[in-house]
Amino acid sequence: MRIARFSIEGNVAFGVVEGDASTEGGPVLDIIKGHPFAEFERSGQKVPLSKVRLLPPVLPNKVVAIGRNYAEHAAELGNEVPEVPVTFFKPSTAVIGPGDPIAYPSFSSELHHEAELAVVIGRMCREVPRERVKDVVLGYTCANDVTARDVQQREKQWARAKGFDTSCPLGPWIETELDPSDLGIMCTVNGEQRQLGRTGDMLRKVEDLIVHITEAMTLLPGDVVLTGTPAGVGPLNVGDEVAVTIEGIGTLTNKVIKRG
């Protein structure tokens, strides 16, 4: 099931995406009663996907991200594979949705894309055992961990480099019925392929990451876990269109603009 969050005529709602580009009339949204973090019903009221503005699929309390979770990516930046997962935060103010602009930060001159699988948490959880991870996951979406690489290297602590406004595009929706163990993940810039990998190459799998994170902190419904990026990260410039595509989910597209 694909669950989208959207705006239409000034109202915000969740809906189940039905159909695809090959469907006559295109995909539609069946608006749901309530929200996806509890049992809900479809209203039967349907609107064409083309008539709405897709929003970030969730507004997380926090985004917990994992660094250097693909060996080839660690190597391309001259880093060793970490003995334990490298974790950091992106604030809720970093989150944007599909089609929203990425504002090039004024304090950086080296902006990079990082295509990632994002895990959306469905229920409050702490100290989750590995065998129960599936019970706390609502689904998966695409993410771009946009990074001011020069700032990351200069400041060492990653808060500004990865937490600036618009640095966390998410979308286009949440896929709830998906096995994340071996999905294709790709990033293109202006239609040119930059990253191509598989989640099967992650050093720590989704289950391991959720166990590790919840040993330390409580995750809330709507929180997001970014699982790391494959090799091929590279520069973004003002005017570029960057797209993250994950097998079984869809494509998240954003354009880079000058920060006003």
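As the structure is a prediction and not an experimental result, all values here were calculated from the model. (Residues numbered from 1 in each chain as written. Predicted model: local features only at pLDDT ≥ 70, side-chain atom pairs only at ≥ 80, totals over all residues. Heavy atoms only, no water.)

A.B. asks: In this structure, what is going on with the sheet that holds strand β10 (residues 111-113)? I would like to understand it.
C.D. replies: Strand pairing in a sheet takes place through backbone hydrogen bonds and is either antiparallel or parallel in direction. Taken together, three strands build an open sheet; the order of strands is β13-β10-β18 and the sheet is antiparallel. Pairing within the sheet leaves two strands with one partner each, and these edge strands are β13 (147-148) and β18 (234-236). (Pairing = 2+ DSSP bridges. Helix = DSSP H or I, 4+ residues; strand = E, 2+ residues; numbered from the N terminus.)

A.B. asks: What am I meant to see in the environment of Gly234 here?
C.D. replies: Tracing the backbone shows Gly234 in strand β18. With 124 residues separating them in the primary sequence, Gly234 and Glu110 have C-alpha atoms 9.0 Å apart. Sequence-distant contacts of Gly234, that is, excluding residues within four places in its chain, are made with Leu111, His112, His113 and Arg194. (Contact = heavy atoms within 4.5 Å.)

A.B. asks: I tried to follow helix α5 (residues 206-214) on my own but got confused; where do I start?
C.D. replies: Because the α-helix completes a turn every 3.6 residues, residues three or four places apart line up on one side. When we look at burial in α5, the residues that qualify are Val206, Glu207, Leu209, Ile210, Ile213 and Thr214. The arc enclosing the buried residues of α5, seen along the axis, measures out at 165 degrees, which places them on a common side. Each element contacted by the buried residues of α5 is listed here: β6 (63-67), β11 (115-121), α2 (133-136), β12 (137-144) and β17 (224-226). (Buried < 20%, exposed > 50% of the residue type's maximum accessible area, 1.4 Å probe, protein only. Arc of directions from axis to C-beta.)

A.B. asks: Whenever I open this one, unusual backbone geometry confuses me. Can you help?
C.D. replies: Negative phi values dominate among residues other than glycine, just as trans dominates among peptide bonds. Here the bond from Gly171 into Pro172 is cis, since omega is 5 degrees, no more than 30 degrees from zero. The topology assignment puts Pro172 in strand β14 (residues 168-175). Positive phi, close to 50 degrees, is recorded for Glu127, a residue that is not glycine. Along the chain, Glu127 falls in the loop between β11 and α2. Overall, Glu127 belongs to the exposed group, its relative accessible area being 54%. The backbone of Lys156 shows a phi angle near 70 degrees, a positive value even though the residue is not glycine. By the secondary structure assignment, Lys156 is in the loop between α3 (149-155) and α4 (159-163). By relative accessible area, Lys156 is classed as exposed at 62%.

A.B. asks: Just checking my understanding: could you explain the layout of surface pockets for this structure?
C.D. replies: Once rolled over the atoms, a probe with the size of a water molecule shows which space is left empty. Estimated volume of the largest pocket: approximately 250 Å³. If you trace the largest pocket, you find 18 residues lining it, with Arg68, Leu77, Asn79, Gln152 and Trp158 closest to the centre. At the level of elements, β6 and α3 are the ones that each hand at least two residues to the lining of the largest pocket. No other element matches α3, which puts three residues into the lining of the largest pocket. (1 Å grid on protein atoms, 1.4 Å probe; cavity = no way out; pocket = protein on both sides within 12 Å on 5 of 7 lines; lining within 4 Å. Points joined across faces, edges and corners; volume = space filled by probe spheres on them.)

A.B. asks: I'm lost on the sheet that holds strand β16 (residues 192-198) in this one. Help?
C.D. replies: Across the sheet, five strands lie side by side as β9-β20-β19-β15-β16; this open sheet has mixed pairing. The sheet is open, and its two borders are formed by β9 (102-104) and β16, each paired with just one other strand. Taken pair by pair, the neighbouring strands of this sheet meet at an average axis angle of 20 degrees, ignoring direction. Strand direction decides the pairing type here: strand β15 (residues 184-189) and β16, joined by six bridges, are antiparallel. Among the inter-strand pairings, Ile185 is bridged to a residue of β16, identified as Gly197. (Axes fitted to C-alpha atoms, helices over the stretch in contact; angles between N-to-C directions.)

A.B. asks: Whenever I open this one, the side chain of Thr166 confuses me. Can you help?
C.D. replies: Tracing the chain through its elements places Thr166 in the loop between α4 and β14. Residue class for Thr166 comes out buried when judged on its relative accessible area of 14%. Excluding residues that lie within four positions of it along the chain, Thr166 makes contacts with Thr93, Ala94, Ile96, Pro101, Ile102 and Ala103.

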